[in-house]
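Chains, contacts and geometry: an overview
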Amino acid sequence: MVKSEINKLDALIDTELKPYVNKIDKEAFYAKHFLRRLGEEGFFASVNRSPKHVLFDELKLVEATAKTCMTTAFCLWCHLAALTYIRNSENTTLKEELLPLLESGERLGGTGLSNPMKYYAQLENLHLQAKRVDGGFEITGVLPAVSNLAKDHVFAFIAEVQEGKRIMGFIPFHANGLETKEKRDYLGLNGSATFACKFHHVFVPYERIVTEDADDFVKRIRPTFIVYQIPLGLGVTEASINCIEKVRNIKNGCNRYLPIQAEELKEKLVKLHADLKQLNVSEEHWREIVKLRLKTAYVTLRAVETAMIHQGGAGYLKYSHASRRLREAYFFANLTPTIKHLEKLLTS
């Protein structure tokens, strides 16, 4: 991302996101206008660009957003996950018709793969079933939570057709037979436009099927799926460090007696950035990706907890920036793959 693009991104965050952060936190406001503007300004474009450059520019996009609001950065991650599925699909119709809409921000996407990722780690049964019918498949079952959804959005799913065979596809949020219910009772992330989705024989045409071999496809896309999450933690960690530095001298500088200081966290953040930059995002380097995602989660938790202690009483106000980041970090620790999910992956 060149300097002019960074300046443009900073300006968008200042005008289209920062003014809404309190509303996102207090009122579960969904900042889809910000996500659309990112698309309009070309931040999702992949045409005539190498996959590596696209990936690392989008990682910076997530991190910059997370410094201000991790809820919105999480929604951004959902959209980037949806882009990843289509970019790696062999379905030319999806690439020619849906991909341009998602990259331009005209439409936004959700990921829908929380349950399947747990299924592939032997943590849950697969919740959706598919039946082949004329022209496509009928989907039944329930996904307890899919984020970054609104009436003109789309999201991905994985369903079992028969034993040993699973498909992946996209459906619109307004699909016939799809029953949805918004979920707003989270400790944090209430502005993430999250819905429970119940499928009543929802028809998905072949033109919207990403792959009929979801098992192999997930192995190929899950490195990118997880790598896009890492900058969520990096952004929150940097914001927490800034918070610690701002209160360095309160109460006659008594914070200097605390065992964890901004400098220690800065060193950890620099190391995380270096490891991310050197990361080979491929299935062959799966364990290294999992390790870095896990390490980032632990550093993020340490950073937000430290910021709360340095802030003192001001941090414990319900809607303070420090307490918001604390809640965001706990969500990050429980975002699929969760910390316990990641720990299990490293032992298998």
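Numbers given to residues run from 1 along each chain, matching the order in which its sequence is written. Only residues with pLDDT of 70 or above have their local features reported here, since the model is predicted, and side-chain atom pairs are shown and tallied only from 80 upward, although totals for entire chains, interfaces and linings are computed over all residues. Only hydrogens and water are removed before side-chain values are computed, so all heavy atoms of the structure are retained for them.

When its secondary structure is counted, the chain shows 14 helices and eight strands. In terms of overall dimensions, the chain has C-alpha extents of about 75 × 45 × 40 Å along its principal axes. Intrachain contacts of the chain at a sequence separation of at least 6 include 72% that bridge at least 24 residues. When the accessible surface of the chain is summed, it comes to about 15700 Å², and 51% of that surface belongs to carbon and sulfur atoms. Strands are runs of DSSP state E lasting at least 2 residues, helices are runs of H or I lasting at least 4, and numbering of each runs from the N terminus. The contact criterion used is simple: two residues touch if any of their non-hydrogen atoms lie within 4.5 Å. For the area figures, the Shrake-Rupley method with a 1.4 Å probe applies, and any residue is considered shielded solely by the protein chains shown.

To continue, consider the pairing of strand S3 (residues 136-146). What makes two strands pair is DSSP finding at least two bridges between them. Bridging between strand S2 (residues 128-133) and S3 involves six bridges; their strand directions are antiparallel. For valine 133, the partnering residue across the bridge sits in S3 and is glycine 136. Counting the residues between successive antiparallel strands, the hairpin from S2 to S3 contains two residues, one of them, glycine 135, with a positive phi of roughly 85°. Here S3 pairs with strand S7 (residues 195-205) via eight bridges, running antiparallel. Bridged to leucine 143 within S7 is cysteine 197.

Quick look at the packing of helix H12 (residues 286-311) against helix H13 (residues 321-333) now. Orientation is described by axes fitted as lines to C-alpha atoms, over the contacting stretch for helices, and by angles from 0 to 180 degrees between their N-to-C directions. Between H12 and H13, the least distance of the axes is 9 Å, while the angle of their chain directions is 160°. As far as their axial angle goes, H13 and H12 are roughly antiparallel. Where H12 crosses over H13, the two elements pack in a sense that is left-handed. Here Arg293, Thr296, Ala297, Thr300, Leu301, Val304, Glu305, Met308 and Gln311 of H12 come into contact with H13, specifically with Ala322, Ser323, Arg325, Leu326, Ala329, Tyr330, Phe332 and Ala333. Residues belonging to the contact of H12 with H13 are distributed by class as follows: ten nonpolar, four polar and three charged. Every angle not falling under 35 degrees, over 145, or within 65 to 115 is termed oblique; those three ranges are roughly parallel, roughly antiparallel and roughly perpendicular. It is the rotation of the near helix from the far one that decides the hand of a crossing: anticlockwise by less than a right angle makes it left-handed, clockwise makes it right-handed. Residues were grouped as follows: Ala, Val, Leu, Ile, Met, Phe, Trp, Tyr, Cys and Pro as nonpolar; Asp, Glu, Lys and Arg as charged; and all remaining residues, including Gly, as polar.

With that out of the way, let us pick up helix H1 (residues 3-16). Multiplying 1.5 Å by the residue count of a helix minus one yields the expected span of that helix. With 14 residues, H1 extends 20 Å between its outermost C-alpha atoms, agreeing within 8% with the 20 Å of an ideal straight helix rising 1.5 Å per residue. Working definition: with a 1.4 Å probe on protein chains only, accessible area under 20% of the residue-type maximum means buried, over 50% means exposed, and in between means partly exposed. Turning to H1, its buried residues are Leu9, Leu12, Ile13 and Glu16. Within H1, the buried residues cover an arc of 100° as seen down the axis, which keeps them to one side. Residues Lys3 and Ser4 are exposed on H1 and point more than 90 degrees away from its buried face. Each C-beta atom gives one direction from the helix axis, and the arc is the one those directions make.

Below, the discussion takes up the nonpolar core. Residues Leu38, Tyr85, Ile139 and Phe199 are the most contacted members of the largest nonpolar core, which totals 119 residues. Among the elements that line this core, the one with the most residues is helix H5 (residues 70-87), at 13 residues. Buried Ala, Val, Leu, Ile, Met, Phe, Trp, Tyr and Cys residues that are joined via side-chain atoms within 4.5 Å together make up what is termed a nonpolar core.

Here the focus is the environment of isoleucine 209. With respect to the helices, strands and loops of the structure, isoleucine 209 is situated in strand S8 (residues 209-211). Not counting residues up to four positions away in its chain, the partners in contact with isoleucine 209 are Asn91, Leu94, Phe137, Ile167, Met168, Gly169 and Val204.

The subject of this paragraph is the pairing of strand S5 (residues 165-172). S5 sits mainly inside the fold: six of its eight residues count as buried. Sheet topology note: the strand S4 (residues 154-162)/S5 ladder contains eight bridges and is antiparallel. Looking at the pairing, glutamine 162 lines up with lysine 165 of S5. The antiparallel hairpin formed by S4 and S5 contains two residues in its connecting segment, where glycine 164 sits at a positive phi of about 85°. Examined bridge by bridge, S5 and S8 share two bridges and lie antiparallel to one another. Its bridge partner lying in S8, methionine 168 is registered against threonine 211.

The subject of this paragraph is unusual backbone geometry. That bond from threonine 336 to proline 337 is cis: its omega, 0°, falls within 30 degrees of zero. With respect to the helices and strands, proline 337 occurs in the loop between H13 and helix H14 (339-347). The phi dihedral of lysine 251 is positive, around 50°, even though this residue is not glycine.

Moving on to the state of the cysteines. Working definition: a disulfide is two cysteine sulfur atoms within 2.5 Å of each other. In total, this model carries zero disulfides according to the counting rule given. Take cysteine 243: it sits in no disulfide, and the sulfur closest to it among the cysteines is that of cysteine 254, at 14 Å.

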